[in-house]
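Coordinate inspection notes
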Amino acid sequence: MSVPPLVIICGVRQTGKTTLTKNLTNQAGRVMVYDSAMQFQDPRDNFTSVYQSPSSLKANISKDGSFRVAYVPKDKRADIDYFCQLAEWAGDVTVIFDDCGAYCSPNMLPDGIEDLVRYSGHKNISLVLSTHLPKDFNDYVFSQASNIFCFHNESELALKKIRENTGDAVSLERLKTLPLFTALHYSRATWRWEFVDNRHI
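Fair warning: this is a prediction, and the values are worked out from it, not measured in the lab.

**Section: the nonpolar core**
A general feature of soluble globular proteins is that nonpolar side chains tend to end up buried together. Within the largest apolar cluster, 44 residues are counted, with the highest numbers of intra-cluster contacts made by Phe97, Ile113 and Leu127. With residues up to four places along the chain from it excluded, the contact list for Phe97 reads Tyr34, Ile80, Phe83, Cys84, Tyr103, Ile113, Leu116, Leu127, Val128, Leu129 and Ser130.

Below, the structure written as structure tokens:
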């Protein structure tokens, strides 16, 4: 399965966000992860781990060939723009931003992420952004998303944010009772149930 251009994944802890991210990208040959929560360090995930060293990160990516690199930043906010610049330089890559709430908010989107969202199509870059609360993303990111996966969430504030950006009210009430590893999937104005496990994606 090819990775869609811009995927947003949201839901409370332990509902399946990281599992879905890994499943969506496990066949991609060129992947960069901004692994601020250290969720991509299991050897079974087949990533090269790079810790707190931007120079080592650059040494592990290239403009051609395969690579799967999970970068653990020393400073979540300070390192992100350089990480994004390298992704843009490499091109033709899937870029994962895990735990976006640590460095994104409705009023603060790092310049590097904004540039990738805005120009990723020209560089053949796919983006996957995950967070606990939809409010961590500003409206521009939502407006550009090709796919949104929503896991269990009982927060009215969270539901309001998704409702404002999709126009759907009825389906979102189901998020309050979703079981683990089940997501509501929004793609081109179509909501549907989707069970997330390694056999499905």
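**Considerations on the pairing of strand S1 (residues 6-10)**
Counted residue by residue, S1 has five buried out of five residues, so it is predominantly covered. Of the two faces of S1, the one carrying Leu6, Ile8 and Cys10 and the one carrying Val7 and Ile9 are both buried. Pairing analysis gives five bridges linking S1 to strand S6 (residues 126-131), with the strands arranged parallel. Paired with Leu6 across the bridge in S6 is Leu127. Pairing of S1 with strand S7 (residues 147-150), which is carried by four bridges, proceeds in the parallel orientation. In the strand pairing of S7, Ile8 is matched with Ile148.

**Structural notes on the packing of aromatic side chains**
For the structure shown, the criterion picks out eight aromatic pairs. With a centroid separation of 5.8 Å and 90° between ring planes, the pair formed by Phe40 and Phe47 is classed as edge-to-face. In terms of burial, Phe40 and Phe47 fall into one category: buried. Pairwise contacts between aromatic rings join Tyr34, Tyr71, Phe83, Phe97 and Tyr103 into one cluster. In this structure, Lys22 packs its charged tip against the face of Phe40, placed 5.3 Å from the ring centre. In this structure, Arg68 packs its charged tip against the face of Phe47, placed 4.3 Å from the ring centre.

**Notes on the packing of helix H3 (residues 80-90) against helix H4 (residues 111-123)**
Put simply, H3 and H4 touch, their axes get as near as 9 Å, and they point 10° apart. The pairing of H3 with H4 is recorded here as roughly parallel in orientation. Counted together, Ile80, Asp81, Cys84, Ala87 and Glu88 of H3 and Asp111, Gly112, Ile113, Leu116 and Lys123 of H4 form the full contact between these two elements. The class makeup of the residues in the contact of H3 with H4 is five nonpolar, one polar and four charged.

**Some remarks on the side chain of Asn147**
Relative to the helices and strands, Asn147 resides in strand S7. A distance of 3.3 Å separates the side chain of Asn147 from the side chain of Ser146, its partner in a polar contact. If we skip the residues at most four places from it in the chain, Asn147 touches Pro4, Leu6, Val7, Ile8, His185, Tyr186 and Ser187.

Scoring rules and cut-offs
Residues numbered from 1 in each chain as written. Predicted model: local features only at pLDDT ≥ 70, side-chain atom pairs only at ≥ 80, totals over all residues. Heavy atoms only, no water. Core = buried A, V, L, I, M, F, W, Y, C linked by side-chain atoms within 4.5 Å. Buried < 20%, exposed > 50% of the residue type's maximum accessible area, 1.4 Å probe, protein only. Contact = heavy atoms within 4.5 Å. Helix = DSSP H or I, 4+ residues; strand = E, 2+ residues; numbered from the N terminus. Pairing = 2+ DSSP bridges. Phe/Tyr/Trp six-rings, centres within 6.5 Å; stacked < 30°, edge-to-face > 60°. Lys NZ or Arg CZ within 6 Å of the ring centre and 35° of its normal. Axes fitted to C-alpha atoms, helices over the stretch in contact; angles between N-to-C directions. Parallel < 35°, antiparallel > 145°, perpendicular 65-115°, else oblique. Nonpolar A, V, L, I, M, F, W, Y, C, P; charged D, E, K, R; others polar. Polar contact = N/O pair within 3.5 Å; in protein donor to acceptor, adjacent residues only side chain to side chain.

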